[in-house]
Amino acid sequence: MAAAAAVEAAAPTDALWGLVHDFVMGQQEGPADQVAADVKSGNYTVLQVVEALGSFLENPEPRTRARGIQLLSQVLLQCHSLLLEKEVVHLILFYENRLKDHHLVIPSVLQGLKALSLCVALPPGLAVSVLKAIFQEVHVQSLPQVDRHTVYNIITNFMRTREEELKGLGADFTFGFIQVMDGEKDPRNLLVAFRIVHDLISRDYSLGPFVEELFEVTSCYFPIDFTPPPNDPYGIQREDLILSLRSVLASTPRFAEFLLPLLIEKVDSEILSAKLDSLQTLNACCAVYGQKELKDFLPSLWASIRREVFQTASERVEAEGLAALHSLTVCLSRSVLSADAEDLLDSFLSNILQDCRHHLCEPDMKLVWPSAKLLQAAAGASARACDYITSNILPLLLEQFHKHSQSSQRRTILEMLLGFLKLQQKWSYEDKDQRPVNGFKDQLCSLVFMALTGPSTQLQLVGIHTLTVLGAQPDLLSSEDLELAVGHLYRLSFLEEDFQSCRVAALEASGTLAALYPVAFSSHLVPKLTEELRVGESDLTRGDGPTQCSRHLCCLQALSAISTHPSIVRETLPLLLQHLCQVNKEKEPSVLRKVLLEDEVLAAMASVIGTATTHLSPELAAQSVTHIVSLFLDGNVSFLPENSFPSRFQPFQDGSSGQRRLVVLLMAFVCSLPRNVEIPQLNQLMRELLELSCCHSCPFSSTAAAKCFAGLLNKHPAGQQLDEFLQLAVDKVEAGLGSGPCRSQAFTLLLWVTKALVLRYHPLSSCLTTRLMGLLSDPELGPAAADGFSLLMSDCTDVLTRAGHAEVRIMFRQRFFTDNVPALVQGFHAAPQDVKPNYLKGLSHVLNRLPKPVLLPELPTLLSLLLEALSCPDCVVQLSTLSCLQPLLLEAPQVMSLHVDTLVTKFLNLSSSPSMAVRIAALQCMHALTRLPTPVLLPYKPQVIRALAKPLDDKKRLVRKEAVSARGEWFLLGSPGS
Amino acid sequence: MVGGGGVGGGLLENANPLIYQRSGERPVTAGEEDEQVPDSIDAREIFDLIRSINDPEHPLTLEELNVVEQVRVQVSDPESTVAVAFTPTIPHCSMATLIGLSIKVKLLRSLPQRFKAPVISLPDGRAHYPRDPRLRACSEQATCR
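Computed from a predicted model, the values in this text were never measured in an experiment.

Each value, and the rule that gives it
Residues numbered from 1 in each chain as written. Chains lettered and ligands numbered in written order. Predicted model: local features only at pLDDT ≥ 70, side-chain atom pairs only at ≥ 80, totals over all residues. Heavy atoms only, no water. Helix = DSSP H or I, 4+ residues; strand = E, 2+ residues; numbered from the N terminus. Buried < 20%, exposed > 50% of the residue type's maximum accessible area, 1.4 Å probe, protein only. Contact = heavy atoms within 4.5 Å. Areas by Shrake-Rupley, 256 points an atom, 1.4 Å probe, with all protein chains shown as cover. Core = buried A, V, L, I, M, F, W, Y, C linked by side-chain atoms within 4.5 Å. Phe/Tyr/Trp six-rings, centres within 6.5 Å; stacked < 30°, edge-to-face > 60°. 1 Å grid on protein atoms, 1.4 Å probe; cavity = no way out; pocket = protein on both sides within 12 Å on 5 of 7 lines; lining within 4 Å. Points joined across faces, edges and corners; volume = space filled by probe spheres on them. Nonpolar A, V, L, I, M, F, W, Y, C, P; charged D, E, K, R; others polar. Buried area = accessible area lost by both parts, 1.4 Å probe. Salt bridge = Lys/Arg side-chain N within 4 Å of Asp/Glu carboxyl O. Polar contact = N/O pair within 3.5 Å; in protein donor to acceptor, adjacent residues only side chain to side chain. Pairing = 2+ DSSP bridges. Axes fitted to C-alpha atoms, helices over the stretch in contact; angles between N-to-C directions. Patch = residues over 30% accessible without salt bridge, like charges linked within 9 Å, V, L, I, M, F, W, Y side chains within 5 Å. Lys, Arg positive; Asp, Glu negative; His and termini not counted. Charge placed at Lys NZ, Arg CZ, Asp CG, Glu CD.

Caption draft 1: Structural detail: the overall build of chain A. Counting its regular elements, chain A contains 51 helices and zero strands. Residue burial in chain A is summarised as follows: out of 978 residues, 53% are buried. In chain A, once contacts between residues fewer than 6 apart in sequence are set aside, the share between residues at least 24 apart is 71%. A total of about 43800 Å² of accessible surface is found on chain A, and carbon and sulfur atoms cover 56% of it.

Right, dumping it as C-alpha cells:
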C-alpha cells in the first residue's frame, strides 16, 4: 500500500523532471506552461519544482542557469497566489542573491521578483530588502527596455501594497528610484516612471534633500517632443506623455522654484508646441501653488504672457495665454494672507492695468482687443479681481466713449464695456450696494441710450446687448431707467427693413427683459402697442400702403416677443385674439374659420398640442383621451365650455372637409400620449383612421389619418390585436394600390405604416419594405417611392418621435441599411434603364442619413454604384450622391483615392451641369478631393487647374466662389508648407 | 493662403497698427440663387477674393489693415479689365512688394482667363513692379494661372 503510493508519487515527479529537462536543455517553451498548470491544479508543489530544477539553478554555465531560473520565474508568475510565507522568504533570499549573478541571468531574476512582488504572503520587511538589493546590485538603465519595465513594475507593485514599509526607507527610496529612472528613454517606460514619481509626491513619500534631483530627472523631458512611429503597436500618443509629465511637474509647490524659470524660458522660445505646453503646465500648476511660490516670478510671467497675447500669430497660444493669466489671478486671489503680508494680487493687477490701460484709449489700433482680453481674463478670476479691475476700467472707458466721436470707435469701446459688465454676472454680491457698477449706473445708462439713438446700426446693436446685460443685474436699473429703456425698445421694434438685424436684436432684448421686469413692460409698452394695433386696424380697413402693413406686422411681432412672462401673456393674448376677430370681421365672417383651417395654422396648433400632451400627468391624460376620442368618434361636444355649435361634429362620417382636416389635431394628441395610457374605442378609431387615410378627396386629412394610424401602431403592444390592425392595413394598402383613384393615398399609408414598424424592429417591416422597393419600378409611384426612403430614414417632428413616447430603436437606420441595401443594389442591376434612377435615388437617401462611421466599412462595395449614380441624369440623384461623397472624401481619403481617376472626371463633368446646385456641390467635391494623399493627386494637378478655369467664369457668383476656393486649394497641392 | 506666413520672432516693423473692421460675408440675394439670372463680376467680388489674404507681418488680413479697400478696386466685366490699388500700412513698407505679388497671384488664379492682366498699383499711381528679379519673374510666370 505504502509502496504503491510511493510509486504513484514518484511517477509524476519523474514526469516533472522530464518537463524541466525539456525546457532547460531542450530549449522548448511549452513545458513552462505545462508545469505552471500542474502546480496550479495541485499536482506538484513549488518545492517539488525547485527540487526538480535542482542542479540547473546552480549550473556553472550561465545560460543553463538563466534557463533554470526562467522556468521557476514563469511558474511563480502564474502561481504566486499559492505560495506560503515560508516559501516566499526562501525564494526572495535566493533571488536577491542571484541579482549579483551574471548579466544573462538578471532578466529571469527580475521576472521572479516581479512575481514575488505580487505575492500577498510576503512577510514585512522583505519588500524593502528586495528594493535595496535592486538599487544596489542592478544598473537598471543598462538593461533592455523589457527588463527596465519589469523593474518599474516591481516598484509599482510594492508601492501599491507596502506603502508604509517603503516610507520607512525614507529619502533613500526616492534617491534609489531617481537612479533607476535617470536616463530612461523609452516612452512606454516613461509613462510608468512618471506615474511612480507622481505617486511618490502625491502619497507623501519623503523626498528629503532630493527635491531638485527628482525635478531634474523628470523635467529634462519637458517639453515632450515625441512622434509615435508609424504603425506603432503600443499606441502611445504624444498627448499621453505630455499629460503624464504635466501631472508630475504640477503636482507639488515644492517644484515651483525650479519649474517656473523653466516654463518662462520655454514660453519665450520660438517653438509653438513648447509655448502651448508651458502655458498649459503653468495653468495646471496654479491649482496647487500659492502666493509664496509665485511671488518672485510674477513680473516675468506677466511679461511673457503679455508678449504672447500681444504678438502671437496663433489663436491657440493667445487662448492658452489668457487661460494661464486667468488661473494665475485665481491662484493669487485664493491665498489666505497673514495680517502683515502684502497682497500680491493688488500689485499684480495694477501691473496689468498699467500695461494695458493706455491701449484701451486707442480703439482703432491692433492692441486694443488683446489688452481688453487680458484684463477680462484677470477680472474673470475672482470677485476681488473683478472689483479692482472694473472700478479702474469703467471710468476710463466711459471717458473714452465721450472722447471719441466716430461711431466705429465708440462701438469698440462699448463692446469692451459690455465684456466687463458681463463678467459682473459671474459674481453674486450678497450686498448689492457693494457692487462696483452701482456708482456708474447713471453714466452707463445715459451712454447706452446715446448708443441706441446713434446713427450707426452696429453701435445700436452693441447698445441693445449692453442694455440686456445691465438689465440682468438685479435691482440695478431704476424704474425711470426702465421706462426710458422700454421707450427705446419700442422705437427700435419699428425700424425699417434696412435695419432688420437691429430690430431682431431689440425684440430679443424685449423678450429677455420683459421676463425680468413684467411690470415695466405691461405698464409702458403694452398700452403703446395696443394703441398701435388699433390704429393699424383702421388703416388696414382703409387699405393703406405697404408701409402701414409692415408697421402692423412689427407691432404683432413685438407683442409676441414680450410675451415671455405669464402676467404679460395674460394681457397680450386677449389682445391678439380680439385683433384677429376684428381684422376678419371687416372682411367676410367666414374668413376666420378659413384662416384657422389652413395647413400651416393647423400644423402649428398640432405641434403645440403634441408638446403639451407629452407632458400631461397620467390622470389628466386618461381623462382627456376619453373626451377627445369620443369627440372625434361620436361627436360628443359636451365637455367643451361653449358648446353652441351650429352643426354636428363628425369628422369621420360625412362631416365637411373642414372638420376632416381637424384629424391632424387628433393625431397630435393621441400620438404624443405616453404608451401606458389606454385609448378607448381603439378598434373603431383605427378602422375610421384607415378608412379616412384612403379617402381621396383631401390629401391633407388622409395623410394626417395615415400618420395617426402609424403613430398608434408603433406604440401598440405586440399581440393579436396588433396583428389584426396590421392585417387590416395591409389589405387596405393592397386594395388601394391595385388601381383606381386612391393609389397615392394607399402608398402614403404604406409608407407611414412601414416607418412605424421599421422604428420598432417589427418582423413585418421587412415585408412592407420589400413591397415599397417593388414600387420603385412602378411608372407612376416610382419617384414617390424613391423619396419615401428619405422619410423612412429621417426623424419626424410631429409623430413617431422619441419625445412623443414612440418606440424608436436607436440603431434602426443601421439595421435598415444592412437589411435592405443589398436588395436595393440587386434591384438596381435588375431594373430596366428608365427606372434605374429611382433605385439610385432611394439608395442615396438611405446612405445620406446613415452615420458616417457605419458607412465607411461598406464603401468598397457601394462605391461603384455611387460612381454610377454620378452619371445618372437626374439632378436630385446627382446632388444627393455628391453630398454623400463629399464627407467620405474628407473622412476616408484612403479608400477614395483608389477611384481618383473616375472621381476627377465625373466631378469635372458635373461642374458644368445645367443645375446650379449640382455645379456647386461638384466643385465642393473637387475641393474635398484635395484631402486625398498628395502623391495620388499630383498627376491630375495640371489637368484639374486647367479645367477649373472654366467655372471661374460661371454666370452664377455662388458657383464662381466654390470654383475659386477649389482651384486655390489645387494650386497649393504639393507646395511646401501645405 | 497666398502670401501667408509670419516673419518669426524678429521685431515687427509696425507692432501696433490701426485695425479696420471686417466686412461680413456677402449676403446671398434672391437674384444670386435664381438659376437664370447671370451675376456679373463686380468690385465686391474682386474685393472678396483679396480681402482675406494675410499680411506677411501680422495675423491680420489685408482688409483689417486697410491695405485693400473695395472703393479702390476698378473692374469691368464686359471689358474684362481689373485694377487694384493698395496702400501699405506705413510708407516705404519693405513688405509692399510681397503684398502686391500676393494680390496679383491670387487674382491670376481666381479670375477667368479673359481678364488678361490684373493691374496692381500703389495709390500714388506708380505701377507695382517688383525690383527683386526673383519676385518679378514670379509675378510674370505663366504657371501662376
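Caption draft 2: Here's a closer look at the nonpolar core. In this structure, A:F173 and A:M181 are the most contacted members of the largest nonpolar core, which totals 200 residues. Here the element with the most residues in this core is helix α21 (residues 383–403) of chain A; it accounts for nine residues. The next biggest cluster of nonpolar side chains, apart from the first, holds 162 residues, and it includes A:A756, A:L792, A:V959 and B:C93.

Caption draft 3: Summary view of the packing of aromatic side chains. Residues and elements named next belong to chain A. Taken as a whole and judged by the stated rule, the model has ten aromatic pairs over all chains. Between the aromatic rings of F94 and Y95, the centroid separation amounts to 5.4 Å while the plane-to-plane angle is 65°, which identifies the pairing as edge-to-face. Here F94 falls in the partly exposed class, since its relative accessible area comes to 21%. Y95 gets classed as buried once you look at its relative accessible area, which sits at 0%.

Caption draft 4: View of the layout of surface pockets. Quantified by volume, the second largest pocket comes out at close to 1000 Å³. Lining the second largest pocket we find 31 residues, and of these A:W369, B:I19, B:R22, B:L60 and B:E64 sit closest to its centre. Mapped onto the lining of the second largest pocket, the elements with two or more residues apiece are α17 (298–311), α18 (315–334), α20 (368–379) and α22 (407–424) of chain A. With five residues, α22(A) is the single largest residue contributor to the lining of the second largest pocket. Across the lining of the second largest pocket, the residue classes break down as 13 nonpolar, nine polar and nine charged.

Caption draft 5: A look at the interface of chain B and chain A. The interface of chain B with chain A comprises 39 residues on the first partner and 29 residues on the second. Summing the contributions of chain B and of chain A, the shared interface buries around 2700 Å²; its carbon and sulfur component is 48%. Contact with chain A buries area across many residues of chain B, yet B:N16, B:E35 and B:R109 alone supply 24% of it, more than any other trio. Linking chain B to chain A there are seven salt bridges. Between B:E45 and A:R957 there is a salt bridge whose closest N-O contact spans 2.9 Å. Across the chain B-chain A interface, the total number found is 17 residue pairs in polar contact (both at pLDDT 80 or more). Among the elements of the structure, α1 (30–33), α2 (43–51) and α3 (96–110) of chain B are those that each provide at least two residues to the side of chain B that touches chain A.

Caption draft 6: Molecular detail of the environment of A:L722. Residues and elements named next belong to chain A. Inspection of the secondary structure puts L722 in helix α38 (residues 720–738). Each C-alpha atom, one on L722 and one on L712, is 10.0 Å from the other, the two residues being ten residues apart in sequence. With residues up to four places along the chain from it excluded, the contact list for L722 reads L713, H716, P717, R760 and H762.

Caption draft 7: Up close: the side chain of A:R67. Residues and elements named next belong to chain A. One can find R67 in helix α4 (residues 62–79). Residue classification places R67 among the buried positions, given a relative accessible area of 7%. Engagement of the side chain of R67 in a polar contact is seen with the backbone oxygen of F23, the distance being 3.0 Å.

Caption draft 8: Representation of the pattern of salt bridges within the structure. A full pass over the atoms with the stated rule returns 50 salt bridges over all chains. The residue A:R306 makes a salt bridge to A:D355 at a minimum N-O spacing of 2.4 Å. Separated by 49 residues along the polypeptide, A:R306 in helix α17 and A:D355 in helix α19 (residues 344–360) bring together distant segments of the chain. Taking relative accessible area as the criterion, A:R306 reaches 25% and is therefore assigned partly exposed. A single salt-bridge network, built from bridges that share partners, covers A:R957, A:R960, B:R26, B:E32, B:D42 and B:E45.

Caption draft 9: Structural detail: the sheet that holds strand β1 (residues 73–76) of chain B. Residue and element names in this part refer to chain B. In spatial order, the strands read β1-β2-β3; together these three strands make up an open sheet with mixed pairing. In this open sheet, the two edge strands, each paired with only one partner strand, are β1 and β3 (119–121). The sheet shows a mean angle of 10° between the axes of neighbouring strands, taken without regard to direction. Pairing of strand β2 (residues 81–85) with β3 involves three bridges; the strand directions are parallel. The residue of β3 that forms the bridge with A85 is S121. Along the sheet, α3 contacts β2 and β3; its crossing angle with β3, the most-contacted strand, is approximately 165°.

Caption draft 10: Structural view of a negative patch on the surface. All names here are of chain A. A grouping of E212, E213, E216 and E257 is seen on the molecular surface, where their side chains present a negatively charged patch. No other element matches helix α12 (residues 211–219), which puts three residues into the negative patch. Following the sequence through the fold, E216 ends up in helix α12. Residue class for E216 comes out partly exposed when judged on its relative accessible area of 42%.

Caption draft 11: The arrangement of the pairing of β2(B) in detail. Residues and elements named next belong to chain B. Direction of pairing for β1 relative to β2: antiparallel, over a ladder of four bridges. Looking at β2, one finds that V73 is bridged to V84. Count of turn residues in the β1/β2 antiparallel hairpin: four residues, of which S80 carries a positive phi of about 55°.

These results come straight from atomic positions and should not be treated as a statement about function.
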